[in-house]
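This is what each chain is made of:
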Amino acid sequence: VVAINVDERLEMIEKLQTSEKQLREISSSIPGAVFQLEMKSLSQYAFTFVSEGIRDLFQISPEEVYNNITALYRHIEPEDIPQVRQAFTNSYQHLAPLIVSFRIRQPQDGKWKWVKTHGLPTSQEAGHMIWNGTIIDITDQIMAQEKLMTSEANLRALLDSSPQAIYLLDKS
C-alpha cells in the first residue's frame, strides 16, 4: 500500500488559481488590453495571454486571438500593417521597446479607431522573445491633435491674411 499526501499539490493548485484570478482582475481594470506575445522567429509568434480588453478594441475574444493571431491583422488598416510589422521586427532584432500606433476598423459600424501598442521585450533562450505590453485606444487624443492643428492653421491663415497689425497681450 502506497500513501501519497496530495495536500501540498492541492495547495499549489489553489495558489495558482488565485494568482490567475488576480492577474485577470488587475488586467481587466486597465483601459485597453494587456498582452503577452511570444515570438520564436520573425514568422512564428503567438499570444500567450490577452486580456478581455481586446473585445472592446478589436471586437474579438481572447480565444479567437489564441486560436488565430491573424484575427487581429484583419482589423488593422491595410496601409498600417507594414509599419506594425516593422515595429515588431525592430523590437525583435534590437531588443528595443515596441511602440507603434495604428488604425483598426470596428466591424459592427465600420468606423476607424486609433490604438497604440507598447510592449517591453525580454530575450529568452534560443532567440525567443517575449513582450509584455498594452494596447490602448488613443482615438480621442488623435482627434484632439487634429482639431488643434486645424485650429492653429486657421488662426495662422487669419493672421497672415490680415492687413492690420495684430498684437497678443499676455496678462500673466
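Residues numbered from 1 in each chain as written. Predicted model: local features only at pLDDT ≥ 70, side-chain atom pairs only at ≥ 80, totals over all residues. Heavy atoms only, no water.

Novice: I tried to follow the layout of surface pockets on my own but got confused; where do I start?
Specialist: Picture a little ball the size of a water molecule; that probe, rolled over the atoms, points out where space is still empty. For the largest pocket, the calculated volume is near 290 Å³. Around the largest pocket sit 19 residues that line it, and Leu 37, Tyr 45, Tyr 73, Val 84 and Phe 88 are the ones nearest its centre. The biggest single contributor to the lining of the largest pocket is helix H5 (residues 81–94), with four residues. Tallied by class, the residues present in the lining of the largest pocket amount to 16 nonpolar, two polar and one charged. (1 Å grid on protein atoms, 1.4 Å probe; cavity = no way out; pocket = protein on both sides within 12 Å on 5 of 7 lines; lining within 4 Å. Points joined across faces, edges and corners; volume = space filled by probe spheres on them. Helix = DSSP H or I, 4+ residues; strand = E, 2+ residues; numbered from the N terminus. Nonpolar A, V, L, I, M, F, W, Y, C, P; charged D, E, K, R; others polar.)

Novice: Would you explain the nonpolar core in this entry?
Specialist: Soluble globular proteins tend to bury their nonpolar side chains together. One finds Phe 47, Ile 54, Phe 58, Phe 102, Trp 131 and Ile 135 to be the most contacted residues of the largest nonpolar core, which totals 29 residues. Examining the composition of this core, we find that five residues originate from one element, H5, more than from any other. What Phe 58 contacts, discounting residues up to four positions off in sequence, is Leu 72, His 75, Phe 102, Ile 104, Pro 107 and Ile 135. (Core = buried A, V, L, I, M, F, W, Y, C linked by side-chain atoms within 4.5 Å. Buried < 20%, exposed > 50% of the residue type's maximum accessible area, 1.4 Å probe, protein only. Contact = heavy atoms within 4.5 Å.)

Novice: Just checking my understanding: could you explain the sheet that holds strand S3 (residues 98–105) for this structure?
Specialist: The strands making up a sheet are joined through hydrogen bonds of the backbone, oriented either antiparallel or parallel. As summarised here, the arrangement of the five strands in space is S2-S1-S5-S4-S3, forming an open sheet in which the pairing is antiparallel. Sheet topology places strand S2 (44–50) and S3 at the edges, where each strand pairs with a single neighbour. Pairwise comparison of adjacent strand axes, ignoring direction, gives a mean angle of 30° for this sheet. Pairing of strand S4 (residues 112–123) with strand S5 (residues 129–137), which is carried by nine bridges, proceeds in the antiparallel orientation. (Pairing = 2+ DSSP bridges. Axes fitted to C-alpha atoms, helices over the stretch in contact; angles between N-to-C directions.)

Novice: Sorry if this is basic, but what is going on with the packing of aromatic side chains here?
Specialist: To describe a pair of aromatic rings, you give the distance between the ring centres and the angle between the ring planes. Enumeration according to the criterion identifies two aromatic pairs in this entry. Here the aromatic rings of Phe 35 and Phe 47 are separated by 5.8 Å at their centres, their planes lie at 85°, and the arrangement is edge-to-face. Of the two residues, Phe 35 is situated in strand S1 (residues 33–41) and Phe 47 in strand S2; the sequence distance between them amounts to 12 residues. Note on accessibility: Phe 35 and Phe 47 belong to one class, buried. For Arg 85, the ring lying beneath its charged end belongs to Tyr 73, and the centroid distance is 5.1 Å. (Phe/Tyr/Trp six-rings, centres within 6.5 Å; stacked < 30°, edge-to-face > 60°. Lys NZ or Arg CZ within 6 Å of the ring centre and 35° of its normal.)

Novice: Even after reading the chapter, I still don't get H5, so can you show me in this structure?
Specialist: Side chains of residues three or four places apart in an α-helix project in the same direction, reflecting 3.6 residues per turn. With 14 residues, H5 extends 20 Å between its outermost C-alpha atoms, agreeing within 8% with the 20 Å of an ideal straight helix rising 1.5 Å per residue. Among the residues making up H5, those that are buried are Ile 81, Val 84, Ala 87, Phe 88, Ser 91 and Tyr 92. Looking down the long axis of H5, one finds its buried residues gathered within 130° of arc, a one-sided arrangement. Facing away from the buried side of H5, by more than 90 degrees, are the exposed residues Pro 82, Gln 93 and His 94. Among the structural elements, S1, helix H4 (70–73), S3, S4 and S5 are those in contact with the buried residues of H5. (Expected span 1.5 Å × (residues − 1). Arc of directions from axis to C-beta.)

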